[in-house]
Amino acid sequence: MFSLKNVKYKNILVIKELNLPQEKITCIVGESGSGKTTLLKLLNNLISCDQGDILYKQQSIYDIDPIELRREVVMLPQDPAIFPGTVKENLLIGIKFAEKPLVDNEKLQEVLEQVKLRKPLTNIAEQLSGGEKQRLALGRVLLLNPEVFLLDEPSSAMDEETEELVIESIVQDVRKNKKSLVMITHAKKIAQKYGDYLIELKNGLVLSAKEL
Ligand SMILES: Nc1ncnc2c1ncn2[C@@H]1O[C@H](COP(=O)(O)OP(=O)(O)O)[C@@H](O)[C@H]1O
Ligand SMILES: [Mg+2]
């Protein structure tokens, strides 16, 4: 689905060749500072490489309108923004920006259930805990229903039990709807349990890339 060839980004990332499979769960692991977030941003064309090329479905991402690309490929940042207002407003903000049709409360409740956030839609989002905010942001991304999810440590602020439930539910959704998921995770256990493909980065290099 994504194919990187001779990619170089500053002195941060050097990737001779890397392929990320379509309709699979790809996990990216590596110590802090190894270039994981940089890789994800490159895939979403939030930053561009200095050398080389990145293909998405055989086409250079630099030949695709970034807005179009980001309609199909949605990234959840490591530290997603929570806006003043309610849980409902925060869920809807993504589809508003993307100019997608608004959805009803029933659909919003469904998404909250998916991310295991049992809070009324009318609650003030800024009063949620760190882990709850993270799930809210995840719900926002799920509502966008993209082809490809790029999730940057989506469960880092959750306790282990919640992490398991939430990741399980997203993975199920991705598999059922034949989407692709690329997820950075600090939890090797999660990668082993849910990943189809594992990429390990170290000091800006691909240490290994293999099927699980
Ligand atoms: N815009 C930038 N300019 C300079 N250095 C950066 C920039 N973004 C990230 N870095 C550095 O690049 C390295 C990789 O960062 P990052 O991709 O965020 O790592 P990870 O997500 O694996 O923790 C780090 O050493 C970081 O400090
Ligand atoms: Mg990071």
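Since this is a predicted model, take the numbers as computed values, not measurements. (Residues numbered from 1 in each chain as written. Chains lettered and ligands numbered in written order. Predicted model: local features only at pLDDT ≥ 70, side-chain atom pairs only at ≥ 80, totals over all residues.)

Turning to the site of ligand 1, a few remarks are in order. In the vicinity of ligand 1, the residues found are Ile12, Gly30, Ser32, Gly33, Ser34, Gly35, Lys36, Thr37 and Thr38. Taken together, the residues that form the shell around ligand 1 break down as one nonpolar, seven polar and one charged. (Near = placed C-beta within 6 Å. Nonpolar A, V, L, I, M, F, W, Y, C, P; charged D, E, K, R; others polar.)

A few words now on the sheet that holds strand S1 (residues 2–9). Taken together, four strands build an open sheet; the order of strands is S2-S1-S4-S5 and the sheet is antiparallel. Every interior strand has two partners, whereas the edge strands, strand S2 (13–20) and strand S5 (59–60), have only one. Direction of pairing for strand S4 (residues 51–56) relative to S5: antiparallel, over a ladder of two bridges. From the neighbouring strand, Tyr56 faces S5, where its bridge partner is Gln59. On top of the sheet, helix H1 (residues 36–43) reaches S1, S2 and S4; it is set at about 120 degrees to S1, its chief contact. (Pairing = 2+ DSSP bridges. Helix = DSSP H or I, 4+ residues; strand = E, 2+ residues; numbered from the N terminus. Contact = placed C-beta atoms within 7 Å. Axes fitted to C-alpha atoms, helices over the stretch in contact; angles between N-to-C directions.)

Attention shifts here to the packing of helix H4 (residues 105–114) against helix H5 (residues 130–144). One can describe the packing of H4 onto H5 by two numbers: an axis separation of 9 Å at closest approach and a directional angle of 125 degrees. Classified by the angle between their axes, H4 and H5 sit oblique to one another. Regarding H4 and H5, the two cross each other, and that crossing is right-handed. Between H4 and H5, the residues in contact are Val111, Leu112 and Gln114 and Gly139, Leu142 and Leu143, respectively. Residue composition of the contact of H4 with H5, by class: four nonpolar, two polar and no charged. (Parallel < 35°, antiparallel > 145°, perpendicular 65-115°, else oblique. Left-handed = near helix turned anticlockwise from the far one by under 90°.)

Let us now look at the sheet that holds strand S7 (residues 148–152). The strands making up a sheet associate through backbone hydrogen bonding, with each pair oriented either parallel or antiparallel. Across the sheet, which stays open at both edges, the six strands sit in the order S6-S7-S8-S3-S9-S10 with mixed pairing between neighbours. The sheet is open, and its two borders are formed by strand S6 (73–76) and strand S10 (205–211), each paired with just one other strand. Taken over all neighbouring pairs, the strand axes of this sheet differ in orientation by 15 degrees on average, direction set aside. Note that S6 and S7 share four bridges and pair parallel. Within S7, the residue paired with Val74 across the bridge is Phe149. Most of the contacts of H5 go to S6, to which it runs at about 175 degrees, and overall it touches S6 and S7.

On to unusual backbone geometry. With a phi angle near 55 degrees, Asn45 is a residue other than glycine that sits in the positive phi range. Within the secondary structure, Asn45 is located in the loop between H1 and S4. A residue is classified by how many C-beta atoms lie within 10 Å of it, and Asn45, with 20 of them, is buried. With phi around 45 degrees, Glu153 is a residue other than glycine that occupies positive phi space. Within the element layout of this structure, Glu153 appears in the loop between S7 and helix H6 (160–176). What makes Glu153 buried here is the crowd of 20 C-beta atoms within 10 Å. (Buried ≥ 20, exposed ≤ 12 C-beta atoms within 10 Å, placed from the backbone.)

Before going further, it helps to examine the environment of Ser155. With respect to the helices, strands and loops of the structure, Ser155 is situated in the loop between S7 and H6. A residue is classified by how many C-beta atoms lie within 10 Å of it, and Ser155, with 24 of them, is buried. Along the sequence, Ser155 and Ile184 sit 29 residues apart, while their C-alpha atoms lie 9.6 Å from each other. Discounting chain neighbours no more than four positions away, the residues touching Ser155 are Glu163, Val166 and Ile167.

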